[in-house]
Amino acid sequence: MVLDKMLKRPYKIEPYNPQWPIKFAQIKEDLMQSFGDKALLIEHVGSTAMPGMSSKGVIDVCVVVDHMEPFEKEKAAMVARGYLYGDDYFTPNSILIYKEKPDLEKEINIHVLVQGDPDIDKFIVGRDYFLAHPERIQMYKELKEKLSKEFPDDYPSYRAGKQDFLKETLALAQKWKLEQNQ
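These figures come from a predicted structure and were not determined experimentally. (Residues numbered from 1 in each chain as written. Predicted model: local features only at pLDDT ≥ 70, side-chain atom pairs only at ≥ 80, totals over all residues. Heavy atoms only, no water.)

(A) Fine view of the pairing of strand S4 (residues 95-100). Within S4, six of the six residues are buried, which leaves it mostly tucked inside the rest of the structure. Burial of S4 is two-sided: the residues Ile95, Ile97 and Lys99 facing one way and the residues Leu96, Tyr98 and Glu100 facing the other way are all buried. Examined bridge by bridge, strand S3 (residues 84-87) and S4 share four bridges and lie antiparallel to one another. Looking at S4, one finds that aspartate 87 is bridged to isoleucine 95. Summarising the sheet, S4 and strand S5 (residues 106-114) pair through six bridges and their orientation is antiparallel. Note that in S5 the partner of tyrosine 98 across the bridge is asparagine 109. (Buried < 20%, exposed > 50% of the residue type's maximum accessible area, 1.4 Å probe, protein only. Helix = DSSP H or I, 4+ residues; strand = E, 2+ residues; numbered from the N terminus. Pairing = 2+ DSSP bridges.)

(B) Focus on the nonpolar core. Core analysis: the largest hydrophobic core is formed by 20 residues, its most contacted members being Leu31, Val61, Val63 and Ile110. When residues of this core are traced back to their parent elements, those giving at least two are helix H1 (19-35), strand S1 (39-45), strand S2 (59-65), S4 and S5. For leucine 31, the contacting residues outside a window of four places in its chain are Gly36, Ile42, Val61, Val63, Met78 and Ile110. Tyr11, Met50, Met53 and Phe165 belong to the second largest nonpolar core, which has eleven residues in total. (Core = buried A, V, L, I, M, F, W, Y, C linked by side-chain atoms within 4.5 Å. Contact = heavy atoms within 4.5 Å.)

(C) Representation of the side chain of threonine 91 in the model. Relative to the elements of secondary structure, threonine 91 occurs in the loop between S3 and S4. Apart from the residues within four sequence positions on either side, threonine 91 is in contact with Leu113, Asp117 and Asp119.

(D) Structural detail: helix H3 (residues 118-132). A rise of 1.5 Å per residue sets the reference length of H3, with its 15 residues, at 21 Å; its end C-alpha atoms lie 21 Å apart and thus fit the reference within 8%. All of the buried residues in H3 are Asp119, Ile120, Phe123, Ile124, Val125, Gly126, Arg127, Tyr129 and Phe130. Elements in contact with the buried residues of H3: S1, S2, S5, helix H4 (134-150) and helix H5 (155-180). The opening residue of H3, the one whose side-chain oxygen lies 2.7 Å from the backbone nitrogen of aspartate 119, is aspartate 117. (Expected span 1.5 Å × (residues − 1). Polar contact = N/O pair within 3.5 Å; in protein donor to acceptor, adjacent residues only side chain to side chain.)

(E) Here's a closer look at unusual backbone geometry. Here phenylalanine 71, not a glycine, exhibits a phi torsion of approximately 50°, which is positive. Backbone geometry at asparagine 93 places phi at a positive 65°, although glycine is not the residue there.

(F) Structural context of the pattern of salt bridges. Scanning the model with the defined rule gives ten salt bridges in all. Measuring nitrogen to oxygen at the nearest pair gives 3.0 Å for the salt bridge that ties glutamate 69 to lysine 38. Of the two residues, glutamate 69 is situated in the loop between S2 and helix H2 (72-80) and lysine 38 in the loop between H1 and S1; the sequence distance between them amounts to 31 residues. Since its relative accessible area comes to 24%, glutamate 69 is described here as partly exposed. Judged by relative accessible area, lysine 38 falls into the partly exposed class, the value being 33%. For lysine 146, the salt bridge goes to glutamate 150, with nearest N and O atoms at 3.5 Å. Of this pair, lysine 146 and glutamate 150 both sit in helix H4, four residues apart, which is roughly one turn of that helix. (Salt bridge = Lys/Arg side-chain N within 4 Å of Asp/Glu carboxyl O.)

(G) Inspection of the sheet that holds S2 at higher detail. A sheet is described by the order of its strands in space; here five strands give the open sequence S1-S2-S5-S4-S3, paired in mixed fashion. Whereas interior strands pair on both sides, the edge strands pair on one side only; in this sheet they are S1 and S3. Looking at each pair of strands side by side, their axes are set apart by 20° on average, direction ignored. Against the sheet, H1 contacts S1, S2, S4 and S5, and its axis sits at roughly 165° relative to S1. Against the sheet, H3 touches S1, S2 and S5, its axis set at about 50° to S1. (Axes fitted to C-alpha atoms, helices over the stretch in contact; angles between N-to-C directions.)

As structure tokens, this is what we get:
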């Protein structure tokens, strides 16, 4: 598959699957064996980390490292486990390690980010906010299902349709995090 998140293509949203956390546990084990103590944090993030959330079924993982380096040995270990990778895919100075299904659709996205990268907060604080606010999960689920019916063959339009809701949720999450830290 070409690493192009904005490729106009069909996609499917499926109901929450209790197997997703089990799949994450295996991915985490692969990462721990490959990265060792270079992985400061390995977190299940995204829609598959939220019980009750509909999703494309792609397991998203956030790996936090102290500093970015080529990680040649670590990437080779993940490739030996059936993963692929791309450098600077979502943001500069990041690595995406991923796995595809036989139909070349992604099933796993592992985001390797440097400690302090704002996307870490987006992933982890956003997830924690959703988990603490199940009504927000329900709102997001309904939005995703509506958009998938409206744009079944147009993934970029589906993504664009979620952006305002996600920006609003991230702002709420950041405010919530500050309140939690007081």
